[in-house]
Amino acid sequence: MGARAPLLLLAAPALVSAATPRAPRIVSINPCLDAVLVRVADPAQIASISAYSQDARSSSIPLALARRYPANAGTAEEVVALRPDLVVAGGHVAPATVAALARLRVPLARFAVPTTVEESVAQVRDLAARVGHPARGAALAARIEAAARPSRVTPLPALIFGAGGLVPGAGTLPDDLLTRAGFRNASATYGLARWDVLPLEHLVAAPPRVLFSVAAAEGAGGGGGERAEHHPALRRLAPRLITLPFPARLMNCGGPTIVEAMAVLRGARTRLGERR
Amino acid sequence: MSRATLWLLLALLLAAAGSLAAGKVWVPLDAWTSADPRSIIIVELRLPRTILALIVGAALGVAGAAMQGYLRNPLADPGLFGVSSGAALGAVCALFFGYAAQAWLLPLFALAGAAATMALLALIAGRSASLLVFTLAGMVLTSLTGSLTALAISLAPTPFVASEIVTWLMGALTDRSWDDVWLALPLVALGVAVLARTAPALDALTLGETAARSLGVEPRRLQRAIVLGVALTVGATVATAGVIGFVGLMVPHLVRPLARHRPGATLWPSALAGALLVTVADTLVRLVPSASELRLGIAMSLLGAPFFLYLLLRLRRRLA
Amino acid sequence: MSALATEALTLSLGGRRVLEEVTLTLAPGRVTALLGPNGAGKSSLLACLAALRRPDSGAATLDGKDVTALPVRERARRIGFLPQQADVHWDVDVRALVALGRLPWRGHGAAGVADRAAVERALEATAMTALAGRPVEQLSGGERARALLARVLAGEPEWLLADEPLASLDPAHQLDVGARLRAVAAAGAGVVLVVHDLNLAARLADSVLLLRAGRVVAAGDTSAVLTPETIAATYGVTVEVGVTAGGERYIVPVGRV
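Description of the overall build of chain B
- Along chain B, the regular secondary structure elements total 13 helices and zero strands.
- For chain B, whose C-alpha radius of gyration is 20 Å, the value lies close to the compact-globule estimate of 20 Å for 320 residues.
- Each of the three principal axes of chain B carries a C-alpha extent, and together these read 65 × 50 × 40 Å.
- In chain B, which comprises 320 residues, the share counted as buried stands at 54%.
- Restricting the contact set of chain B to residue pairs at least 6 apart, pairs at least 24 apart contribute 77%.

As structure tokens, then:
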């Protein structure tokens, strides 16, 4: 801190902005954390959000809201220029960027990719505390927990079929969501690991009841999910196997997206419950 | 020093200055003095990044020029011996097993990969000084390490790790630090020195291997120097910046007319031109408006295709 | 006066015996031709003399010392070698090509005054001074051969070994290059040529070494060796030998033995 101290003293007037020590200035370089941030932090606190949040295909917040904040490309250079009190990032950041932020003594809080709803809720509370608004965090956490309350129905076998045939297995957030919504993640029957690619052959041989296929965002091309949707083999299974769309952006983020994800899943479970 | 070299040096200085000033955050000249907190960006981020760009560009330029002179083939590339691919595999292993948490482990793994590849090259190619045997051995290693890298990506525990690996492989100078500079500089300096010493031998090879040997060129010694020099320069580059292709392939072509086609005389101009190319490209990737910074390796590939198209058209015109 | 010689030189290539106990001495200041049918071992012998091949047993010696044991640079300075393949891999200009012959003298250093002077002398000796700035790819076959010869001459070696230096040249160029080679010998160097053409050998060479199946079957002055009897025994053809009005020897094959 020695060499920098005179620097900071000189720059002190510039650093004192609308943010106070209780409500620090935040830069987020992760679009999933952006979704939590816009709900728990004051707008004046948010110095910058990830540029991914301003892209419809990868954003977890409404675009109109996202555009109100300056965007960053996740490089230490941009972060340092904003002089934040805290940088929040996800579990996977380029090693060079992490090292650069550490060297420049910019506080960095990393939130690993949540693997359960509890983990995600804990992260929401943690982030809210760090931005100085624990009450808002508690409120959001409550909403998420309510949305994710386990259903008391007979679990139906289901599978989430992602881009390129990527299936989330046990120990992932989508797995937890399926279980809470009244499904049983069928990935175990195929012996899949945490994230694995499932060839259609195995799927057709022992199909689950529901296939949640990751539909492409509007306008963008389809991935394996769409191919699966339209594959002749699956269409022939149609009465037995039901294919439903599941937006990709609800898969991994956690946080507020859990509410929407659970709505989609529970809605499907309810309709299927009636059909049976 | 020739006029062309002076122009290159001038262009290089301008490019370096541009690289310091430019980016998503434009730092005006008056902010460079230490009173402005933005000077931290210049001193701790832009300056090491610019210097590393110069080092990496020079390293790849010289390695490419030396390879083309040694193999008597203007399409030779520093990656032919497999060292680049092996170094990349080392780094990928660090990312795969999560060791990259420590900032210095990734470059260390990459250098270990480069060294292991070099040792394997010597083992497979044996004591043969034959160019064909050596090139084939390099292909074997590139193939093997490339497959293992792809395997690592497919076996990645989560798609995020896979994405991290793929992103790293595309090469970048983003957020590099003085630590990376201190790692790359001695290795590249040594590698460039070793390759520079081969200049007379490369010139002699213009006449073919028999005449070169009669002029005093010792093929095995030359081969060891080339392999060592390329391993040091390319290994250090991959360790600090990932895989950046095409520089070693394009730059010697561009400077060859300046050097009057003498292979030994292409080495230093290739260093300057390579440094210039990478610095300019790295500045441009910072300016492209995209959600995340455009990867430098990608930018180089994008430059490579039109460059080779131009070469092809020029050759067609000449042969017609 | 340096002496280039071999002592019981034996060489096998690919399992085949190419040179068998060859012992000979070459004289400086003369042009010596190595003659013989295909596969006689002429090129291999030349390569051994230039230390480009290691014999299985015996040795090629320069002033009594094994050529392969000499320091590489000393050997490169004293023995110049002009290979048969006229490879030029890069489109350098003639002067740069000829300057390559000075590498054994320059090493890693820049070209000095002596180097530049030697290059100019070599260019002049081969009448290439006017073409010195031209890229090699733009030269005709004969000009290229002269440029490559100039490269060897630029090294000013004590011994000039050339493998088929006149093959595929026009008669005019053959005369030119031949005259240069004789001039080099006259200036004190030893010139050893592998040639196929009996007439060229007859005209250019002072001495002839006749090889057959890896052995020297005849050695001596050209007129003494190139007799119809010896040629019939070595090549299996009958020839007519004569002298032109200008005193040039000629040999004409007339039929098989």
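Topic: the pairing of strand β9 (residues 207–212) of chain C
Residue and element names in this part refer to chain C.
- Where strand β3 (residues 31–35) lies against β9, four bridges are found, and the strand directions are parallel. Paired with Leu35 across the strands is Leu210, a residue of β9.
- Alignment of β9 against strand β10 (residues 215–221), held across six bridges, turns out to be antiparallel. Within the sheet, the bridge partner assigned to Leu210 lies in β10 and is Ala218.
- Hairpin connection, β9 to β10: the antiparallel pair is bridged by two residues, and Ala213 has positive phi, about 50°.

Remarks on the interface of chain C and chain B
- Each side of the interface is counted separately: chain C has 21 residues, and chain B has 20 residues.
- At the level of secondary structure, the elements contributing two or more residues to the side of chain C that touches chain B comprise α2 (72–78) and α4 (103–106) of chain C.
- A per-element tally of the side of chain C that touches chain B places α2 of chain C first, with three residues.

Thoughts on the interface of chain A and chain B
- The interface is formed by 29 residues belonging to chain A together with 27 residues belonging to chain B.
- Where the side of chain A that touches chain B is concerned, the elements lending two or more residues are α1 (4–15), α4 (76–82) and α5 (95–103) of chain A.
- At six residues, the largest contribution of residues to the side of chain A that touches chain B is made by α5 of chain A.
- A breakdown of the residues in the side of chain A that touches chain B according to their chemical character gives 18 nonpolar, five polar and six charged.

Observations concerning the sheet that holds strand β5 (residues 65–66) of chain C
All names here are of chain C.
- Across the sheet, four strands lie side by side as β2-β1-β4-β5; this open sheet has antiparallel pairing. Strand pairing shows two members of the sheet lacking a second neighbour, β2 (16–26) and β5, which therefore form its edges.
- As judged from the seven bridges shared by strand β1 (residues 4–13) and β2, these two strands associate in the antiparallel manner. Within the sheet, the bridge partner assigned to Ala5 lies in β2 and is Thr25.

Section: the environment of Cys48 of chain C
Residues and elements named next belong to chain C.
- In this structure, Cys48 sits in helix α1 (residues 42–49).
- Residue Cys48 is classed as buried on the basis of its 25 C-beta neighbours within 10 Å.
- Spatially, the C-alpha atoms of Cys48 and Gly80 are 13 Å apart, while their sequence positions differ by 32 residues.
- With residues near it in sequence (within four places) discarded, Cys48 still touches Thr6, Leu9, Leu11, Arg53, Pro55 and Ala60.

The rules behind each value
- Residues numbered from 1 in each chain as written.
- Chains lettered and ligands numbered in written order.
- Predicted model: local features only at pLDDT ≥ 70, side-chain atom pairs only at ≥ 80, totals over all residues.
- Helix = DSSP H or I, 4+ residues; strand = E, 2+ residues; numbered from the N terminus.
- Rg over C-alpha atoms; globule rule 2.2 N^0.38 Å.
- Buried ≥ 20, exposed ≤ 12 C-beta atoms within 10 Å, placed from the backbone.
- Contact = placed C-beta atoms within 7 Å.
- Pairing = 2+ DSSP bridges.
- Nonpolar A, V, L, I, M, F, W, Y, C, P; charged D, E, K, R; others polar.

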